[in-house]
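# Observations on the model geometry
Read off the chains here:
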Amino acid sequence: MERRLLKDYIFGMLDKYSDGYRSVFKDISLIKSNPERVDRYGRRIPEMFREGFGVVRYPGSPEAVLFVFTGKIYERVDKMVIYDAVDRWLESMGVSALDRNNKNMWYYMGRIVNVIRDHELRPELSVMCFENCVVDMNNLKVYSHSPRFDCIKMYPFKYDRKEIFNCHTWKAFLGEAWLPSQELDGVLPEKHKRRILQMFLGACLVNRKNISFEYFLILQGTGANGKSVIYRVLKDLFGDDEILNIKLSQFARTGDEQLRAAYSMDGKRLMYCSESNRGDFKDMSIIKAISSGEPIACRGIGGNITMMQRPPVMLCNSNYRWKPEDFLNRDDPEDESVQRRAIVVNFEKTIPVDRRDTLLAEKMKSEQAGIFAWIVKGLCELKKNGWRMPETLGGKIDAKLNRIRSTARGLNGKVVDGSVSEYLKYKHCSPEKREESVLLEYTASEIKKNYDRFCKKNGVVGVSLRKLGIDLLSLGYERKKSSEKNYTSVYTLWCDDLEIAEHFMGHVPNVAEATKSELYEGWDYTDEEFLEDNDEDNLEE
């Protein structure tokens, strides 16, 4: 609201008290002592500021900032605006010019500000104010505008789930199959990729202190494939004040530079890291802390070290071709905690030069209500899936194949080829007897035949017969002479899967197929089902 309008608005708020205060002020005006009159006025004027006003204390600011509730949100107001409104109102109440001189007015203002400071506003990113209502994103409850919500920002569109049908440009840009394709090239034609983006953006609407969401998303592509358009749309939707655009390499530094970088995350709902690459992931501890929503040490310039309780959701934009091993801890290769948190969405489609629209994000401003409803749908799916994100098939297969191509440590401390250890895992074999396990005895040559078929099917280079035998012993498998096989040396395997045990030599594990069966896709629903499932969206007073 403009400054001039704020003066009139506050004057209108005070005018509601005119009838009740008129006789009191008339009696006070009859007092001959000026100091006593000023003191009596000073005791009554602040009472009108106990409701509808508040303060926000910003980090690093020496003085609290005053706010007034203007019908939908609390808006920032300076002291001189309140000063002018109070002066005009006192004049309308017949208070003499002597009792309204500059000295006395600032005496009144001191007492007014003291009362306003009693109401400290604590804006919460998950409580969002729209043109038509206030929504608590933690439970999707919808409320009428009220001063009881400490909202200091209103998003310039309405909240309505039905608007999900009114974002045609956005959906066509992403690649919804049922929308016309002649106008826009869909950058994410694969449904599972759109769902991952949708659910991830839904996570930035809620308070991470109340949920367990331990992921970060990387938008991967060589360029000219729509990643920057997504960023501009999000920036227009949430505003510059809620999105932090920062280089991830700033967190790889040490000392004050890292602390100041962490301080810049305070009050943001989304951290967008542009041009991320493998070198940015040197310090896995800070990446893990941000993606897990853990408290992070930070410090502003000239301030003390504090703990930021709510780091934003992290979204990275990268032209680098990420591999599963890029997320392993370089100091501890066995630590896969960051690898489990990383989600990579590959933008494989490059937009031809003649079809690129540099004003596309600007055109989507008219669809902000629909785009927001689309993100809320992702939040609903995320909640129904217990805050667990869908898994990407390609990334999971790569991770499993990477383990096959790596090495492990045997019980005796010797290096074991990953293809041998993983082969036995896929065959559900162990060196020790377990409940309901089946005893199998095979020679190294027999195991080698099946092992070679496993390596060939999964594109892995196998080891020699001698190395296979050594690795079996290192993993703890027993070798002994078997009378049933002419006293040839056999290895004892305990298999937990009865079907595999029965057809051991015929069973050849396929990593890709096994991964598909283990893949977590989560629960999802259509736009129509999303619209029907809106019991939580009933307006409450």
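Look above for the structure.
## Brief notes about helix α9 (residues 256–263)
Among all positions of α9, only Gln258, Leu259, Ala261 and Ala262 are buried. End-on view of α9: buried residues confined to an arc of 160 degrees, all on one side of the axis.

## Some points on the environment of Leu248
Mapped onto the elements of the fold, Leu248 is located in the loop between β8 (243–245) and α9. Classification of Leu248 as buried rests on a relative accessible area of 1%. Once you skip the residues sitting within four places of it in the chain, Leu248 turns out to touch Cys273, Ser276, Asp280, Phe281, Ile287, Met314 and Cys316.

## So, the side chain of Arg341
Mapped onto the fold, Arg341 is located in helix α11 (residues 337–341). Polar contacts involving the side chain of Arg341 include one to the side chain of Glu214, which spans 3.1 Å. Beyond its immediate stretch of four places on either side in the chain, Arg341 contacts Glu214, Tyr215, Phe216, Lys288, Ser291 and Ser292.

## Side note on the pairing of strand β7 (residues 216–220)
When you tally the buried positions in β7, you get 5 out of 5 residues, the bulk of the element. Side chains Phe216, Ile218 and Gln220 project from β7 onto one buried face, and the interleaved Leu217 and Leu219 project onto a second face that is buried too. Two strands pair when backbone bridges link them, and β7 and strand β13 (residues 342–346) are joined in this way by 5 bridges, in the parallel orientation. In the strand pairing of β13, Gln220 is matched with Asn346. Sheet topology places β7 next to strand β12 (residues 313–318); 4 bridges connect them, and they run parallel. Across the sheet, Ile218 pairs through a bridge with Cys316, a residue of β12.

Conventions used here
- Every chain is numbered on its own, with residues counted from 1 as its sequence reads.
- Only residues with pLDDT of at least 70 are given local features in this predicted model, and only at 80 or more are side-chain atom pairs given and counted; all residues enter the totals for whole chains, interfaces and linings.
- Side-chain descriptors were evaluated using all non-hydrogen atoms of the structure, hydrogens and water having been removed beforehand.
- Residue exposure (1.4 Å probe, protein chains only): buried if accessible area is under 20% of the type maximum, exposed if over 50%, otherwise partly exposed.
- Numbering of helices and strands runs from the N terminus, with a helix taken as a DSSP run of H or I at least four residues long and a strand as a DSSP run of E at least two residues long.
- This arc corresponds to the set of directions leading from the helix axis out to the C-beta atoms.
- What makes two residues a contact is simply this: any of their non-hydrogen atoms within 4.5 Å.
- Between N or O atoms, a polar contact is any pair within 3.5 Å; within protein, one atom must be a potential hydrogen donor and the other a potential acceptor, and residues adjacent in sequence are included only when both atoms are from side chains.
- For two strands to count as paired, DSSP must find a minimum of two bridges between them.

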